[in-house]
Amino acid sequence: MGVLADLRGPADLRDMDDAQLAQLASEIRELLITSVASNGGHLGPNLGVVELGIAIHRVFDSPSDRVVWDTGHQAYVHKMLTGRAGQFGGLRTEGGLSGYPSRAESEHDWVENSHASTSLSYADGMAKANHILGKDDHVVAVIGDGALTGGMAWEALNNIAADNDRRLVVIVNDNGRSYTPTVGGLANRLTEIRTNPKYEPALGAIKERLNRSRRVGPAAYEALHAIKKGVKDALAPQGMFEDLGLKYIGPVDGHDRPAVERALTQAKKFGGPVLVHVLTTKGQGYDIAVANDTDQMHQANPFDRETGDAVSVAPAGWTSVFRDEIVRIADERPDVVGITAAMLYPVGLDAFADKFPDRVFDVGIAEQHAVTSAAGLAMGGLHPVFAVYATFINRAFDQVLLDVALHKCGVTFVLDRAGVTGDDGASHNGMWDMSLLQMVPGLRLAAPRDGSQLRELLREAVDVDDAPTVIRYAKGGVCADLPSIERVGTYDVLSRDDDRNVLVIAVGSFGHLAMETADLVRAAGHGVTVIDPRWVKPVDPELVRLAGQFDLVVTLEDNGRQGGVGSAITQALRDAGVDTPLQVHGVEQEFLDHAKRDVILKRLGLTPQAIAEDTLAALSRNSRDS
């Protein structure tokens, strides 16, 4: 790796000359492409911040100066520059480097929450703490233009701008995209700055003319400042930042390292909050990524670096089933509209948007706004479908509760990547939603076990116009269809024995897990019935009656054990006076380290063998107690 191989930490960067730094940037890009091609990960965003990352660590003194990366998916370069380049062979693998900043990995990593628009709030608090404790250290927050569409970022900016004594530098990494091109009024304003060719030459000409004047004094400097601001307002409308009270520097070519260093050095000397506007290109240095119209290889599966093509074709996923079915529903229902929070392609609303562009709304990274806007759409006579990753619905719980459910609005939430997701670490696991949503009065929640059930339940959900409905499904390949032998109430019977020893209640994609577990318990001489509740909230009274006929009830869910479906069924049974013992199997309420999904499930004991052993042990205990 040459220069990169010898790099021990950020301090080494300050001793390098321009040739070495150019070589370092080239080696970083090579390692990025090689590592992500092998293990998958976020490629485009990291290729775009190579020079920016080098400049940050040359100008600022990490970890004394704290660098906070918003979302964190673009922190691979930061990891390499802080001594971890040699570990990239294990990127996103169990026991290897996390795909996001990790406090356990390095003292240079401060924030590992991969939800967007939070960096400025962290930085605001850190800068306040430095001021109170009398420290002169700087705080640097790197936030993309996509993350600036989140309201939390603007709440933080409002507070940051209120105090001129804090040593805080906000770097806007403006590449015009989140996953896809950034949307909204802010995006339009930033695009004007990014694409206006007149600003820098005009400002340079004004400076040159004043410098030639023999009357250079306070009046001339004041005139320069006034003219500079006037030119900027006319040619580069960054006034939205300066009007908040923030010093603004830019725009700066983010791939011109010396220019970025000059801008950051100027910001550092100011001594108060400064915003540095840096223009970058997602995928810079890898033409295949830059040319990728969908997302510029934002997040890539393992691929052939010569072509950019995935090395293997992923099986049909849950998202693809939703993508097809929502278009069919939209064809039949002109009142159905779609909403996405800057994730049109990842959540499968792209085909809907292609066919009905006026009926799909991308609101940016603004989940709270998305939910309340959906309530407004419902009040206006439409049926909105908000498709979002399960982990991100956490951010809008208050809006689901009080803006949608309280008003009995017919809004359907489609939660993609629910349950254990694996590679992307703790904050991407969608293991909280069923526990949170159990608390929402009137909300109905369904978990399909296969593609056929996803289509059926989605249609049932959009038919509800007086309450919120939720459909949630896992990441990755869709399960093979699992036929039922009977439907009773709202639940499906998947298998049944005459002896009623064990009732297994399988939630969503755990249907196949339940069937394999049942076979093992049957082999030990016990009768087993397996059912799929389909609608897990509210608990079907027919399911409660059925549970009372068995010696043991076992629930399986890809969600936290506390407050989830198993807890709700336990409460429903006890409220009905049913005292059948229950075993609740789910995800332990803890922050899970990154690994493949199947590795994590095995670690949690969510395998047929482990669940069967627990079931047989419980039956043995119950027989002794009786």
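*Asks:* So, the overall build of the protein chain: which residues are in play, and what are the values?
*Replies:* Along the protein chain, the regular secondary structure elements total 25 helices and 18 strands. For the protein chain, the proportion of contacts with a sequence separation of at least 24, taken over those separated by at least 6, is 77%. Accessible area of the protein chain: about 25000 Å², with a carbon and sulfur share of 50%.

*Asks:* Lay out the nonpolar core with the relevant residues and their values.
*Replies:* Core analysis: the largest hydrophobic core is formed by 84 residues, its most contacted members being F322, F352, F386 and F413. Here this core takes 7 residues from helix α14 (residues 318–332), the largest share from any one element. Beyond its immediate chain neighbours, meaning those up to four positions away, F352 contacts I326, V327, A330, V336, V337, G338, P357, R359 and V360.

*Asks:* Before we move on, can you summarise the sheet that holds strand β10 (residues 444–446) with the specific residues and values?
*Replies:* The strand order across the open sheet formed by 7 strands is β7-β6-β8-β9-β11-β10-β16, and the pairing between neighbours is mixed. Only two strands of the sheet have a single partner each, and these edge strands are β7 (360–362) and β16 (535–537). Across the sheet, the mean angle separating the axes of adjacent strands is 25° when strand polarity is ignored. The pairing of strand β8 (residues 383–389) with strand β9 (residues 412–416) spans 5 bridges and is classified as parallel. Residue A387 lies in a different strand from β9, and its bridge partner there is V414. With respect to the sheet, α14 is in contact with β6 (336–340), β8 and β9, its orientation differing from that of β8 by roughly 170°.

*Asks:* Outline helix α16 (residues 367–379), listing residues and values.
*Replies:* If you check α16, its first and last C-alpha atoms are 19 Å apart, about what 13 residues at 1.5 Å a residue would give, namely 18 Å. Looking only at α16, the buried set comprises E367, A370, V371, A374, A375, L377 and A378. Projection of α16 onto a plane perpendicular to its axis shows the buried side chains occupying an angular sector of 160°, all on one side. On the buried face of α16, the contacting elements are β6, β7, β8, α17 (390–393), α18 (397–405) and β9. With its phi angle positive at about 105°, G381 sits one or two positions after the end of α16.

*Asks:* I'd love a proper account of the packing of helix α2 (residues 18–39) against helix α4 (residues 50–59), names of residues and values included.
*Replies:* α4 packs onto α2 with a crossing angle of 125° between their chain directions and a minimal axis gap of 10 Å. Between α2 and α4, the angle falls in the class oblique. Like other packed secondary-structure pairs, α2 and α4 cross with a definite hand, here right-handed. On the side of α2, the interface is formed by L21, L24, A25, I28, R29 and L32, while α4 contributes V50, E51, I54 and R58. Within the contact of α2 with α4, the residues separate by chemical class into 7 nonpolar, no polar and 3 charged.

*Asks:* Tell me about helix α25 (residues 608–625), residues and numbers included.
*Replies:* End to end, α25 covers 26 Å across 18 residues, agreeing with the expected 26 Å (1.5 Å per residue, within 8%). For α25, the complete set of buried residues consists of P608, I611, A612, T615, A618 and L619. Within α25, the buried residues cover an arc of 125° as seen down the axis, which keeps them to one side. When the buried face of α25 is taken as reference, the exposed residues oriented beyond 90 degrees from it are E613, R624 and D625. Buried residues in α25 make contact with β14 (502–506), α21 (511–523), β17 (552–560) and β18 (582–587).

*Asks:* Could you give me a rundown of the pairing of β6, with the residues and numbers involved?
*Replies:* Counted residue by residue, β6 has 5 buried out of 5 residues, so it is predominantly covered. Neither face of β6 is left uncovered, since the one carrying V336, G338 and T340 and the one carrying V337 and I339 both have all their residues buried. Sheet topology note: the β6/β8 ladder contains 4 bridges and is parallel. Across the sheet, V336 pairs through a bridge with H383, a residue of β8. Pairing between β6 and β7: 3 bridges, direction parallel. Paired with I339 across the two strands is F361, which belongs to β7. Between the parallel elements β6 and β7, the chain passes through helix α15 (residues 350–355) in a crossover that is right-handed.

*Asks:* Which residues make up the environment of G605, and what values go with them?
*Replies:* One can find G605 in the loop between α24 (597–603) and α25. For G605 and V587, which are 18 residues apart along the polypeptide, the C-alpha to C-alpha distance reads 9.0 Å. With residues near it in sequence (within four places) discarded, G605 still touches A610 and I611.

*Asks:* With reference to specific residues and values, describe the packing of aromatic side chains.
*Replies:* All chains considered together, the criterion is met by 7 aromatic pairs. Here Y76 and F88 contribute two aromatic rings whose centre-to-centre distance is 6.0 Å and whose plane-to-plane angle is 65°, an arrangement assigned as edge-to-face. You can see Y76 sitting in helix α5 (residues 76–84) and its partner F88 sitting in the loop between α5 and α6 (119–132), a full 12 residues away along the chain. Summarising the burial analysis for this pair, Y76 and F88 share the class buried. Relative to F413, the ring of F386 lies with its centre 6.3 Å away and its plane at 70°, an arrangement referred to as edge-to-face. Within this pair, whereas F386 is found in strand β8, its partner F413 is found in strand β9, the two being separated by 27 residues in sequence. By relative accessible area, F386 is classed as buried at 0%. Exposure remark for F413: the relative accessible area of 2% places this residue in the buried category. Looking at R66, its charged tip hangs above the ring of W110, at a distance of 4.4 Å from the centre. In this structure, R359 packs its charged tip against the face of F356, placed 4.3 Å from the ring centre.

*Asks:* Can you tell me about the packing of α4 against α5, naming the residues and giving the values?
*Replies:* It is at 9 Å that the axes of α4 and α5 come closest, and there the two elements cross at 45°. Here α4 lies oblique to α5, going by the angle between them. The interaxial crossing formed by α4 with α5 has right-handed handedness. Of the residues in α5, those in contact with V50, G53, I54 and H57 of α4 are V77, H78, L81 and T82. For the contact of α4 with α5, the residue count by class is 4 nonpolar, 4 polar and no charged.

Reading the values: the criteria
- Residues numbered from 1 in each chain as written.
- Predicted model: local features only at pLDDT ≥ 70, side-chain atom pairs only at ≥ 80, totals over all residues.
- Heavy atoms only, no water.
- Helix = DSSP H or I, 4+ residues; strand = E, 2+ residues; numbered from the N terminus.
- Contact = heavy atoms within 4.5 Å.
- Areas by Shrake-Rupley, 256 points an atom, 1.4 Å probe, with all protein chains shown as cover.
- Core = buried A, V, L, I, M, F, W, Y, C linked by side-chain atoms within 4.5 Å.
- Buried < 20%, exposed > 50% of the residue type's maximum accessible area, 1.4 Å probe, protein only.
- Pairing = 2+ DSSP bridges.
- Axes fitted to C-alpha atoms, helices over the stretch in contact; angles between N-to-C directions.
- Expected span 1.5 Å × (residues − 1).
- Arc of directions from axis to C-beta.
- Parallel < 35°, antiparallel > 145°, perpendicular 65-115°, else oblique.
- Left-handed = near helix turned anticlockwise from the far one by under 90°.
- Nonpolar A, V, L, I, M, F, W, Y, C, P; charged D, E, K, R; others polar.
- Right-handed = clockwise from strand over helix to strand, strands pointing away.
- Phe/Tyr/Trp six-rings, centres within 6.5 Å; stacked < 30°, edge-to-face > 60°.
- Lys NZ or Arg CZ within 6 Å of the ring centre and 35° of its normal.

Note that all results are geometric; they support no functional claim without further evidence.
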